[in-house]
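So you can see what is in the structure, the chains are spelled out below.
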Amino acid sequence: MTSDFEAQLRSVSLRVTRPRLAVLAALRDHPHVDTDTVIALVRADLPTISHQAVYDVLRALTDAGLVRRIQPARATARYEARVGDNHHHVVCRSCGAIADVDCAVGSAPCLTASDAHGFTVDEAEVVYWGTCPDCATARTSQRSTSSEGSR
């Protein structure tokens with residue numbers, strides 16, 4: 001997989017460096033993580049890397065289009081390596097978990113705006129909000145326990 005990352009970096013004219021490879025690997029294995037998590041994951045391979053170096057790598061990879069930065073409302077910025085396919089996200093209101101959601105129909109139907117107001121639309125951000133299965137199960141368990149205690 002390292003050779004894939006090297007090819008990706010070279011395809012956008014970025015030098016291949018250990019920090020860049022480590023960040024790409026971290027995001028491949030752990031999508032939708034915040035900067036602090038990326039730093040912790042990268043430090044497992046590169047213990048002396050600075051916060052600033054990771055911030056710089058994330059910025060370079062995002063600017064080059066190899067990484068996508070997402071920031072749902074009321075949440076910290078997250079990063080993912082899945083780029084170029086105009087997918088969307090579903091976010092848990094309870095725990096903040098994020099999962100990818102492919103476009104509902106065709107390749108990118110959401111790019112056909114009802115009124116683009118003269119804009120040339122090339123990307124759409126859709127965020128679905130709800131409760132993840134783990135939080136829904138926990139909530140159901142809490143309700144069951146509460147109703148048993150009130151009997």
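Source: prediction; values computed, not measured. (Residues numbered from 1 in each chain as written. Predicted model: local features only at pLDDT ≥ 70, side-chain atom pairs only at ≥ 80, totals over all residues. Heavy atoms only, no water.)

Applying the stated rule across the entire model yields seven salt bridges. A salt bridge links glutamate 80 to arginine 68; the nearest nitrogen and oxygen atoms lie 3.7 Å apart. A residue pair is termed long-range when its members are at least 10 positions apart, and glutamate 80 in strand S2 (residues 78-80) and arginine 68 in strand S1 (residues 68-70) qualify at 12 residues. What makes arginine 68 buried here is its relative accessible area of 13%. The closest approach of N and O atoms between arginine 82 and aspartate 100, which form a salt bridge, is 3.4 Å. A residue pair is termed long-range when its members are at least 10 positions apart, and arginine 82 in the loop between S2 and strand S3 (88-92) and aspartate 100 in strand S4 (residues 98-101) qualify at 18 residues. (Salt bridge = Lys/Arg side-chain N within 4 Å of Asp/Glu carboxyl O. Helix = DSSP H or I, 4+ residues; strand = E, 2+ residues; numbered from the N terminus. Buried < 20%, exposed > 50% of the residue type's maximum accessible area, 1.4 Å probe, protein only.)

Next up on the list: the sheet that holds S3. Spatially, three strands are ordered S4-S3-S5 in an open sheet, and the strand pairing comes out mixed. The sheet terminates laterally at S4 and strand S5 (127-130), the two strands that pair on one side only. Sheet twist, expressed as the average angle between the axes of neighbouring strands with direction ignored, equals 25°. Bridge analysis of S3 against S5 gives four bridges, and the strand direction is parallel. Counterpart to valine 91 in the pairing with S5 is tryptophan 129. (Pairing = 2+ DSSP bridges. Axes fitted to C-alpha atoms, helices over the stretch in contact; angles between N-to-C directions.)

Look at glutamate 80 and you get buried, because its relative accessible area is 1%. Of note is the side chain of glutamate 80, whose polar atom sits 3.0 Å from the side chain of histidine 87. A polar contact is formed between the side chain of glutamate 80 and the side chain of histidine 89, at a distance of 3.0 Å. Discounting chain neighbours no more than four positions away, the residues touching glutamate 80 are Leu27, His32, Val67, Arg68, Ile70, His87, His89 and Asp100. (Polar contact = N/O pair within 3.5 Å; in protein donor to acceptor, adjacent residues only side chain to side chain. Contact = heavy atoms within 4.5 Å.)

UniProt annotation of "binding site: Zn(2+)" (unreviewed entry) refers to Cys92, Cys95, Cys132 and Cys135 when read in the numbering used here. These annotated residues cover 44 residues of sequence, and their C-alpha atoms lie no more than 8.1 Å from one another, placing them together at a single site. With respect to the element layout, cysteine 92 can be found in strand S3. For cysteine 92, a relative accessible area of 5% translates into the label buried. If sequence neighbours within four positions are ignored, cysteine 92 has contacts with Ala97, Gly130, Thr131, Cys132 and Cys135. (UniProt positions renumbered as here; feature names shortened; annotations may be inferred.)

We now examine helix H4 (residues 51-63). Taking 1.5 Å of rise per residue, the 13 residues of H4 would be expected to cover 18 Å, and the 18 Å separating its terminal C-alpha atoms lies within 8% of that figure. Along H4, the residues that are buried comprise Val54, Val57, Leu58 and Leu61. Looking straight down H4, one finds that the buried residues subtend no more than 100° of arc, so they occupy a single side. Positive phi appears at glycine 65, one or two residues downstream of H4, with a value of about 85°. (Expected span 1.5 Å × (residues − 1). Arc of directions from axis to C-beta.)

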